[in-house]
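Geometric and topological summary
Chain by chain, the residues:
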Amino acid sequence: MFVILVYDTAAERNPKVLKTCRQYLHWTQRSVFQGELTPAQYRALTSTLETVIDHTYDSIVTYTTRSPDYIQTATIGVTLGGPGDIL
């Protein structure tokens, strides 16, 4: 499945969320990631993120689709991130 993940977390939790996301997805913009994951990888990612965030303050949104071919993307301004940056 193709996943787009967007997060908005408190500054003190940003490094943990960022590190977790970079293990699974490609960094696209400051708090936006995307990439192909298996269902097991998606479950592992979301499970780990569940333990990192404060559920009363932080927000993580994921969008899933079968393929990136179904998503049209356009960038205005500087292109950040990209493939090959998974740690």
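What you see as residue numbers is a count from 1 along each chain, following the sequence as written. Two thresholds apply to this predicted model, a pLDDT of at least 70 for residue-level local features and 80 or more for giving and counting side-chain atom pairs, whereas whole-chain, interface and lining totals are computed over all residues. Note that the side-chain values use all heavy atoms of the structure and ignore hydrogens as well as water.

Some words on helix H2 (residues 39–52)
With 14 residues, H2 extends 20 Å between its outermost C-alpha atoms, agreeing within 8% with the 20 Å of an ideal straight helix rising 1.5 Å per residue. Close packing links the buried residues of H2 with strand E1 (2–8), helix H1 (14–22) and strand E4 (59–65). Helix and strand definitions follow DSSP, with helices as H or I runs of at least four residues and strands as E runs of at least two, each counted in order from the N terminus. Expected helix span is given by 1.5 Å per residue-to-residue step, counting one fewer step than there are residues. A contact between two residues is defined here by any heavy atoms of the two lying within 4.5 Å.

Section: the environment of Leu5
In this structure, Leu5 sits in strand E1. Per-residue accessibility, obtained with a 1.4 Å probe over protein chains only, is compared with the maximum for each type, and a residue is labelled buried under 20%, exposed over 50%, and partly exposed between these values. For Leu5, a relative accessible area of 0% corresponds to the buried category. Once the C-alpha coordinates of Leu5 and Val61 are considered, the two residues, 56 residues apart in sequence, prove to be 5.8 Å apart. Leave out the neighbours within four places in its chain, and Leu5 touches Cys21, Leu25, Ser31, Val32, Phe33, Leu45, Leu49, Ile60, Val61 and Thr62.

Here's the deal with the pairing of E1
Where burial is concerned, most of E1 is hidden: five out of the seven residues are buried. Here, strands pair whenever DSSP counts at least two bridges between them. As paired strands, E1 and strand E3 (residues 32–36) are joined by five bridges and run antiparallel to one another. Paired with Leu5 across the two strands is Phe33, which belongs to E3. In the sheet, E1 pairs with E4 via seven bridges, with the strands oriented antiparallel. If you follow Phe2 over to E4, its bridge partner there is Thr65.

Structural notes on H1
Those residues of H1 not exposed but buried are Val17, Thr20 and Cys21. All buried residues of H1 lie within an arc of 95° about the axis, which places them on one face of the element. In H1, the exposed residues that point more than 90 degrees away from the buried face are Pro15 and Lys19. Residues of H1 that are buried sit in contact with E1, E3 and H2. Picture the helix axis, draw a direction to every C-beta atom, and the arc is the one those directions span.

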